[in-house]
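Fold and contact review
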Amino acid sequence: MAREQTFSILKPDATRRNITGEVNAVIEKAGLRIVAQKRILMSRKEAETFYGVHKERPFFGELVEFMTSGPVVVQVLEGENAIATYREVMGATNPANAAEGTIRKLFAESVGENTAHGSDSAENAKIEIAQFFSGNEIVG
């Protein structure tokens, strides 16, 4: 098994409802370690850069608005197969389709306000982590 890092965002719907600690408990119970974490207000430029892959999609503007609507918690998670593990722990994008016990089943309000983001590949994890953290901010 590969020990790796992945990137996570606890979205504005989670910070607004003050459930970031509850979400972190689910993350840690799944065997992932939070090795970096900070609460930030994402700028429009940061959100547009981060979600640039969706720029041509009809929901891009709404996504950027949502992600800049309030504080988010950005995180680096570490563990065995962290990327796949976290994606499983988050659950399906649509909370109605998410498995019981997953973050999105437990906490998401809608497809758009689905509580958490997680990297979908090792390559994207590296890019996403670098956008929000410098190396000395990540401590095991």
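What you are looking at is a predicted structure, and each value in this text was computed from that prediction instead of being measured.

Attention shifts here to the nonpolar core. When a protein is soluble and globular, its nonpolar side chains tend to lie buried together. Membership of the largest hydrophobic core comes to 20 residues, with the highest contact counts inside it found for F7, I9, M67, V74, F132 and F133. For this core, the secondary structure elements donating two or more residues are β1 (3–10), β2 (33–40), α3 (44–50), α4 (60–67), β3 (72–80) and α7 (122–132). Top element by residues in this core is α4. It accounts for five residues. When residues no more than four places from it in sequence are discounted, the contact partners of M67 are I9, K11, P12, M42, A47, Y51 and V72. In terms of nonpolar packing, the next biggest core, distinct from the first, is built from 16 residues, I19, V23, L32 and M90 among them.

We now examine the packing of aromatic side chains. The geometry of two aromatic rings is summed up by the distance between their centres and the angle between their planes. Within this structure, the stated rule accounts for four aromatic pairs. Three or more aromatic residues link up through ring pairs in this structure, and these residues are F7, F50, Y51 and F132. K38 extends its terminal NZ or CZ atom over the ring of F133, reaching a point 4.8 Å from the ring centre.

Taken as a whole and assessed by the stated rule, the structure comprises nine salt bridges. In this structure, the salt-bridge partner of E109 is R16, at a minimum N-O distance of 2.8 Å. Note that E109 is positioned in the loop between α6 (103–107) and β4 (116–118) and R16 in helix α1 (residues 12–16), a separation of 93 residues in sequence. Given the relative accessible area of 41%, E109 is considered partly exposed. What makes R16 exposed here is its relative accessible area of 53%. Among the salt bridges present, the one from E137 reaches K38, with a minimum N-O distance of 3.1 Å. Of the two residues, E137 is situated in the segment after α7 and K38 in strand β2; the sequence distance between them amounts to 99 residues. The exposure class assigned to E137 is partly exposed, which follows from its relative accessible area of 34%. The network of salt bridges with shared partners includes D13, R16, R17, E109 and E113.

Judged by how many residues are buried, β3 sits mostly within the fold: eight of nine residues are covered. Where β1 lies against β3, eight bridges are found, and the strand directions are antiparallel. Note that in β3 the partner of I9 across the bridge is V74.

Quick look at the UniProt feature "binding site: ATP" (unreviewed entry) in the chain now. Look at the UniProt record and you will see "binding site: ATP" (unreviewed entry) annotated at K11, F59, R87, T93, R104 and N114. Along the chain, the position of F59 falls in the loop between α3 and α4. Mapped onto the elements of the fold, R87 is located in helix α5 (residues 82–90). Leaving out residues up to four positions away in the same chain, R87 has contacts with G118, S119 and D120.

On to α5, then. Burial in α5 covers these residues: A82, I83, Y86, V89 and M90. All buried residues of α5 project into a common sector of 130 degrees when viewed along the axis, lining one side. Looking at the buried residues of α5, the elements they touch are β1, α2 (20–29), β3, α6, β4 and α7.

A word on the UniProt feature "active site" (unreviewed entry) in the chain. The feature "active site" (unreviewed entry), as annotated in UniProt, sits at H117 in this numbering. Counting through the fold element by element, H117 comes out in strand β4. With relative accessibility at 13%, the residue H117 sits in the buried group.

Thresholds applied
Residues numbered from 1 in each chain as written. Predicted model: local features only at pLDDT ≥ 70, side-chain atom pairs only at ≥ 80, totals over all residues. Heavy atoms only, no water. Core = buried A, V, L, I, M, F, W, Y, C linked by side-chain atoms within 4.5 Å. Buried < 20%, exposed > 50% of the residue type's maximum accessible area, 1.4 Å probe, protein only. Helix = DSSP H or I, 4+ residues; strand = E, 2+ residues; numbered from the N terminus. Contact = heavy atoms within 4.5 Å. Phe/Tyr/Trp six-rings, centres within 6.5 Å; stacked < 30°, edge-to-face > 60°. Lys NZ or Arg CZ within 6 Å of the ring centre and 35° of its normal. Salt bridge = Lys/Arg side-chain N within 4 Å of Asp/Glu carboxyl O. Pairing = 2+ DSSP bridges. UniProt positions renumbered as here; feature names shortened; annotations may be inferred. Arc of directions from axis to C-beta.

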